[in-house]
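Chain and residue survey
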Amino acid sequence: MKVIEGSYAVAEAVRVCKPHVISAYPITPQTHIVETLSQMVADGAIKAEYVRVESEFSAISVCIGASAAGTRTYTATTSQGLALMHEALFNAAGMRLPIVMTAVNRSLSAPLSIWNDQQDTISQRDTGWIQLHAENAQEASDTIIQAYKIAEYRSILLPVMVCMDGYILTHVYEPVELWEQKKVDAFLPEFDPVHVLDPKKPKTFGAFADPSLYTEFRYMVQEAMEVAKKKIVDIANEFRDEFGRYYGGLIDEYRAKDAETLILAMGSVIGTIKDAIDEMRADGIPVGLLKIRAYRPFPVDTIRDAVAGAKAIIVLDKNISMGYEGALFTDVKSALYGKSGVTALGFILGLGGRDITKQTIKDMVAKALEAMKSGKVQECEFVDLRKEVL
Amino acid sequence: MKLLAPGHRGCAGCGAAIAVHSILSATGKDVIVVSPTGCLEVISTPYPESAWEVPWIHSLFENTAAVASGVEVARRALGRKDETKVICIGGDGGTVDIGIGSLSGMLERGHDVTYICYDNEAYMNTGIQRSGSTPYDAATTTSPAGKISFGNDRPKKNTPAIAAAHGIPYVATSSIAYPADIGKKVKKAIAIKGPKYLQIHTPCPTGWGFDSNRTIEVGRLAVETALFPIYEMENGKITSVKKIKRKPVEEYLKVQRRFAHLFKKEGGDAEIKKIQETADANAKQLGLDM
């Protein structure tokens, strides 16, 4: 185990996955990942073509071309860069290209902010990419290795975004267990694509579909997402057997079994929530956690089962669908519709890098307890709003 | 075997399809083609049909050169030592406008890719809208001639010069009126290592407004009037030009509906004079006159 920066851990994980082509454009706070990979290429520590493109749009486009030509590809970006990729994200998923990306979570302009929230990846929710959220540096890097295996699985063939909170995880120094190449090679076989651009066997990629066929192409992506629901769990278990680490399948639970109040969240805030839960449990408050690991495909059944015994749920969103509420809150309520009479509270917090403390968590739980008593529920609330500057 | 199969859905007299025939006759089968969204993509690949007898990929409108960059490095990364060439064939909208960022990136990074723009001088697939490659005074659906307008009020963007400014080894223009010239230049381009840029003039009967049996004739007139000069640039220097026995620009303009207003509207004469000045400048700059 080594104390290393989160970005370095991710780059190391990418290295042992042996991608043939890496293409990226620098953007804060993704830069340490791609700088580390560049150095690895410069030192010959990784045998990959590194394409220094002129935009994120071209970064993902290079990956599209390279993946169609039969190679394992990697890119990393965040925020504005991810937004710039938006159109190509749909395209990569629709063309069933198993690209893996680290999506560093950062807020979107305006106003400009380089700090963390999850508006960027939430806004790419419907692109057809699998989205996995990581709690810490170890998970963000271990999940890269799992991501390639998920993406390249023959009946999935979808790109995967491994989401990690900017600065909080990219720039943190943590003890991280690195990987033996031999073990990774055994876990993750070489990319063996079904269809490749090759003059020996000419194929057409990216044809257009008229109304008699478009729906079926979209349906097949949805089917692949259903396969991914099962496979993400299987691969997490395989990874545990091989490497001894486990972060949950689609979700993970913490002190959830007998909890009356359940907190649902994703990303780095999970650690803070766990500490807050321990303290609240010591005070006799029966509270637990559901960590959402897979945001897409969305673990509807798993969440229903996990919430079944709870009286209240608190959903944390580091994002907002303007004019409505946090996206995770909407998704969770939709999953529970007709299945649960649980009191549900949604909170918008941690936007643009605002800190989320244990006290923040405890205050939300207090609000949930109060709401259960009074029956009055404010469904969507901004936490720690500074009314004096409005 | 034709590498762009007959039965594609191009209009009768489609200049772009003629260009692709000339290009693929020169490259042969050992090629991977990348195309943007546009006429060529739409006429050749309605799923589950494809007119392409060579491997072909279309991703989006503005990323052709980046996708081609990915294909090229992928083959290198896989250790392929074969002679397979990566070429792009894209329309002017996808090349000189929305795709110029990714084109510039590909040229600057030095990929071994031949980018060929088939230049039909407007967004034809969407219904003849003006692009940066539309010539001065051409009427399109977004630059129509009207009571106070003679159509497109800007000159055609000089994309070959932009490509050449990247310091790439080979830039050339050609026209579907001269298939042997296309063949020679494509063969030359793909034999050179590094990024290459070709712009081929491809008249469009539907968009320009002429009978579909006159595509070649219209293409030849563009060259013979010096409105679309044919030349080669190697390492930044002009190394060959197609000499012409020059004809007045009216001969080219009068056969196309997109310029018809110049012959009807008051002040049209003065506009034609301006277009003639552009042709004169082209001829002088490149030494086109025999």
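Residues numbered from 1 in each chain as written. Chains lettered and ligands numbered in written order. Predicted model: local features only at pLDDT ≥ 70, side-chain atom pairs only at ≥ 80, totals over all residues. Heavy atoms only, no water.

**What about the overall build of chain B?**
- When you go through chain B residue by residue, the secondary structure sums to eleven helices and ten strands.
- Here chain B has a C-alpha radius of gyration of 18 Å; the compact-globule value for 290 residues is 19 Å, and the two agree.
- Projecting the C-alpha coordinates of chain B onto the three principal axes gives extents of approximately 65 × 45 × 35 Å.
- When burial is assessed residue by residue, chain B has 59% of its 290 residues classed as buried.
- Long-range contacts, defined as pairs at least 24 residues apart, comprise 69% of the intrachain contacts of chain B with a sequence gap of at least 6.
- For chain B, the exposed surface amounts to about 11,400 Å²; the carbon and sulfur share of it is 54%.
- Charge-centre separation for chain B: the mean point of 36 positive side chains lies 3 Å from the mean point of 30 negative side chains. (Helix = DSSP H or I, 4+ residues; strand = E, 2+ residues; numbered from the N terminus. Rg over C-alpha atoms; globule rule 2.2 N^0.38 Å. Buried < 20%, exposed > 50% of the residue type's maximum accessible area, 1.4 Å probe, protein only. Contact = heavy atoms within 4.5 Å. Areas by Shrake-Rupley, 256 points an atom, 1.4 Å probe, with all protein chains shown as cover. Lys, Arg positive; Asp, Glu negative; His and termini not counted. Charge placed at Lys NZ, Arg CZ, Asp CG, Glu CD.)

**Quick notes on the pattern of salt bridges**
Residues and elements named next belong to chain A.
- Considering all chains together, one arrives at 44 salt bridges over all chains under this definition.
- Two residues, Arg245 and Asp142, come together in a salt bridge whose shortest N-O distance is 2.6 Å. You can see Arg245 sitting in the loop between α8 (214-243) and β10 (251-254) and its partner Asp142 sitting in helix α6 (residues 137-152), a full 103 residues away along the chain. Judged on exposure class, the residue Arg245 and its partner Asp142 are both buried.
- The residue Asp165 makes a salt bridge to Lys318 at a minimum N-O spacing of 3.5 Å. Of this pair, Asp165 sits in strand β7 (residues 160-165) while Lys318 sits in the loop between β14 (312-317) and α11 (327-336); the two residues are 153 residues apart in sequence, bridging distant segments of the chain. Residue Asp165 shares its accessibility class with Lys318, and that shared class is buried.
- When salt bridges that share partners are traced, they join Glu135, Glu139, Lys274, Lys291 and Arg293 into one network. (Salt bridge = Lys/Arg side-chain N within 4 Å of Asp/Glu carboxyl O.)

**Side note on empty space enclosed by the protein**
Residue and element names in this part refer to chain B.
- Counted under the stated rule, the structure contains three cavities of 30 Å³ or more.
- For the lining of the largest cavity, the element with the most residues is strand β3 (residues 85-91), which contributes three residues.
- Of the residues assigned to the lining of the largest cavity, the class counts are three nonpolar, two polar and three charged.
- Of the voids in this model, the second largest cavity is the one considered here, and its volume is about 40 Å³.
- Residue classes in the lining of the second largest cavity are distributed as six nonpolar, one polar and one charged. (1 Å grid on protein atoms, 1.4 Å probe; cavity = no way out; pocket = protein on both sides within 12 Å on 5 of 7 lines; lining within 4 Å. Points joined across faces, edges and corners; volume = space filled by probe spheres on them. Nonpolar A, V, L, I, M, F, W, Y, C, P; charged D, E, K, R; others polar.)

**Structural notes on the sheet that holds strand β13 (residues 294-296) of chain A**
- Spatial ordering of the open sheet is given by β3-β2-β4-β5-β7-β6-β13 (chain A), a layout of seven strands whose pairing is mixed. The two strands at the open ends of the sheet, each matched to only one other strand, are β3 (49-52) and β13 of chain A. Within this sheet the neighbouring strands show an average axis-to-axis angle of 20 degrees, counted without direction.
- In this structure, strand β2 (residues 21-24) of chain A lies alongside strand β4 (residues 73-78) of chain A, joined through two bridges in parallel fashion. Residue A:Val21 lies in a different strand from β4(A), and its bridge partner there is A:Thr73.
- The strands touched by α8(A) within the sheet are β6 (130-133) and β13 of chain A, with β6(A) carrying the most contacts at an inclination of about 30 degrees.
- Sheet strands touched by helix α3 (residues 64-77) of chain B: β2 and β3 of chain A. Its angle to β3(A), the strand with the most contacts, is close to 160 degrees. (Pairing = 2+ DSSP bridges. Axes fitted to C-alpha atoms, helices over the stretch in contact; angles between N-to-C directions.)

**Digging into the domain arrangement of chain A**
All names here are of chain A.
- Segmentation of chain A into domains returns domain 1 (2-243) and domain 2 (251-389).
- Placing the centre of domain 1 and that of domain 2 at their C-alpha centroids yields a distance of 28 Å.
- Listed as interface residues are 27 residues of domain 1 and, on the opposing side, 24 residues of domain 2.
- Our enumeration of links across domain 1 and domain 2 arrives at six salt bridges.
- Seen at the junction of domain 1 and domain 2, the total is 18 residue pairs in polar contact (both at pLDDT 80 or more).
- For the side of domain 1 that touches domain 2, the elements supplying multiple residues, two or more each, are α5 (119-122), β6, α6 and α8.
- Of the residues forming the side of domain 1 that touches domain 2, the biggest block, five residues, is contributed by α8.
- Among the residues forming the side of domain 1 that touches domain 2, the class breakdown is twelve nonpolar, nine polar and six charged. (Domains from an automatic or database assignment. Polar contact = N/O pair within 3.5 Å; in protein donor to acceptor, adjacent residues only side chain to side chain.)

**Quick look at the interface of chain B and chain A**
- Taken together, the contact between chain B and chain A spans 40 residues of the former and 35 residues of the latter.
- Roughly 2,800 Å² is buried in total at the junction of chain B and chain A, and carbon and sulfur atoms are behind 65% of that figure.
- Applying the counting criterion to the chain B and chain A interface returns two salt bridges.
- A salt bridge links A:Glu49 to B:Arg76; its shortest N-O distance comes to 3.0 Å.
- At the boundary of chain B with chain A, the tally comes to eleven residue pairs in polar contact (both at pLDDT 80 or more).
- Going through the elements one at a time, β1 (31-35), α2 (39-44), β2 (56-58), α3 and α5 (100-109) of chain B are the ones with two or more residues in the side of chain B that touches chain A.
- Residues of the side of chain B that touches chain A, tallied by class, amount to 19 nonpolar, twelve polar and nine charged.
- Sheet topology places strand β9 (residues 204-205) of chain A next to β2(B); two bridges connect them, and they run parallel. Bridge pairing links A:Thr204 to B:Trp56 in β2(B). (Buried area = accessible area lost by both parts, 1.4 Å probe.)

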